[in-house]
Amino acid sequence: MNDNERIRMKVTGISANAVTTDAYALLLTESEGDKTIPVIVGQAEAQSILVALKHVEMPRPLAHDMFISSLKAFGIRIENVMIYKFERGIFYSEICMRDTYNDNREVVIDSRTSDAVALAMRCHAPIFASSDVVDATGVVLEQFKKNENDSDNEEDVDIVELPLERYSIEELSRMMQKCADNENYERALEIKKVIELKKQK
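So, here's what we can say about the structure. (Residues numbered from 1 in each chain as written. Predicted model: local features only at pLDDT ≥ 70, side-chain atom pairs only at ≥ 80, totals over all residues. Heavy atoms only, no water.)

**Here we look at the overall build of the chain**
Looking only at helices and strands, the chain features 6 helices and 9 strands. Within the chain, the fraction of its 201 residues that count as buried is 43%. For the chain, the exposed area adds up to about 12,000 Å²; of that, 46% sits on carbon and sulfur atoms. (Helix = DSSP H or I, 4+ residues; strand = E, 2+ residues; numbered from the N terminus. Buried < 20%, exposed > 50% of the residue type's maximum accessible area, 1.4 Å probe, protein only. Areas by Shrake-Rupley, 256 points an atom, 1.4 Å probe, with all protein chains shown as cover.)

**A look at unusual backbone geometry**
Unusually for a residue other than glycine, D103 sits at a positive phi of about 55 degrees. Following the sequence through the fold, D103 ends up in the loop between β5 (90-99) and β6 (105-111). Taking relative accessible area as the criterion, D103 reaches 73% and is therefore assigned exposed.

**Overview of the packing of aromatic side chains**
In this structure the tally under the stated criterion is 2 aromatic pairs. With a centroid separation of 6.4 Å and 45 degrees between ring planes, the pair formed by Y84 and Y92 is classed as tilted. With relative accessibility at 30%, the residue Y84 sits in the partly exposed group. Taking 4.6 Å as the distance between ring centres and 50 degrees as the angle between the ring planes, the aromatic pair formed by F86 and F91 counts as tilted. (Phe/Tyr/Trp six-rings, centres within 6.5 Å; stacked < 30°, edge-to-face > 60°.)

**Side note on helix α5 (residues 169-181)**
Over its 13 residues, α5 extends 18 Å from the first C-alpha to the last, a length consistent with the 18 Å expected when each residue adds 1.5 Å. Taken as a whole, α5 has its buried residues at I169, E171, L172, M175 and C179. Burial along α5 is one-sided: seen end-on, the buried residues are contained in an arc of 155 degrees. Looking at the buried positions of α5, the neighbouring elements they touch are β3 (35-42) and α6 (185-200). Positive phi appears at E183, one or two residues downstream of α5, with a value of about 60 degrees. (Expected span 1.5 Å × (residues − 1). Arc of directions from axis to C-beta. Contact = heavy atoms within 4.5 Å.)

**What to know about the pairing of strand β7 (residues 127-130)**
Across the two faces of β7 the burial is the same, with I127 and A129 and F128 and S130 all buried. Of the strand pairs in this sheet, strand β4 (residues 76-87) and β7 are connected by 3 bridges, and their pairing is parallel. Across the sheet, the residue bridging to V81 is I127, located in β7. (Pairing = 2+ DSSP bridges.)

**Re the nonpolar core**
Counting residues in hydrophobic clusters, the biggest one holds 32 residues, and the most contacted among them are V11, L26, L28, I37, I49, I78 and V117. Here V117 is in contact with V11, L26, L28, I49 and I127, once residues within four sequence places are set aside. (Core = buried A, V, L, I, M, F, W, Y, C linked by side-chain atoms within 4.5 Å.)

**What to know about the pairing of β5**
With 7 of its 10 residues buried, β5 lies for the most part within the structure. In this structure, β4 lies alongside β5, joined through 10 bridges in antiparallel fashion. Pairing of N80 across the sheet is with C96, part of β5. Examined bridge by bridge, β5 and β6 share 7 bridges and lie antiparallel to one another. Paired with C96 across the bridge in β6 is V108.

**Side note on the pattern of salt bridges**
When their charged atoms lie close together, side chains carrying opposite charge are able to pair. A complete count under the given rule lists 9 salt bridges for this structure. Note that E106 and R98 form a salt bridge whose closest N and O atoms lie 3.4 Å from each other. Using a relative accessible area of 45% as the deciding quantity, one classes E106 as partly exposed. When the shortest N-O distance is used, the salt bridge between E190 and R187 registers 3.1 Å. Here R187 and E190 lie together in helix α6, a separation of 3 residues that amounts to about one turn. Of the residues examined, R187 reaches a relative accessible area of 17% and is grouped as buried. In this structure, a network of salt bridges that share partners links the residues R77, E79, R98 and E106. (Salt bridge = Lys/Arg side-chain N within 4 Å of Asp/Glu carboxyl O.)

These values are about where atoms sit, not about what they do.
Rendered as structure tokens:
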């Protein structure tokens, strides 16, 4: 992919989500712009990214720490991370690596975006997104609904509500079940309609 087709991104935070308690929004913002890509990640992935973002020292290495140590042991370094596609609520990413022990051979592997970002942050590798992805999913952060009670404390994690269309069918199904379990049938019906529309695409 040519340089003019990719945009440098930076991690600007992890936000708890107002719709479901076990999903978070990884916020990736243009390094030279104001568009932010919200990527839905799970609790474990959010914790791993926050550990790297806040430079927290853990008593034992997390899975992403162990993976980075293994790469270094075999002379492999991460060159960059590329978020190259967004389809049906899912971001697709790849990790570009360099094998320094084997004639600087380049290796590109497919990866979940959350894992790719967690690894890139640990080795200070650049994170890119294709211009198509940024155009399709990038928003200005003020468009999110924030919890006013949290706005006075900069250390608090913002509460944001993403449009239902941004979730995958699997995530929507879990959300719909939770709403049904809590007898919030109106919200469950709203989610069901979005699922049906996604299945038609």
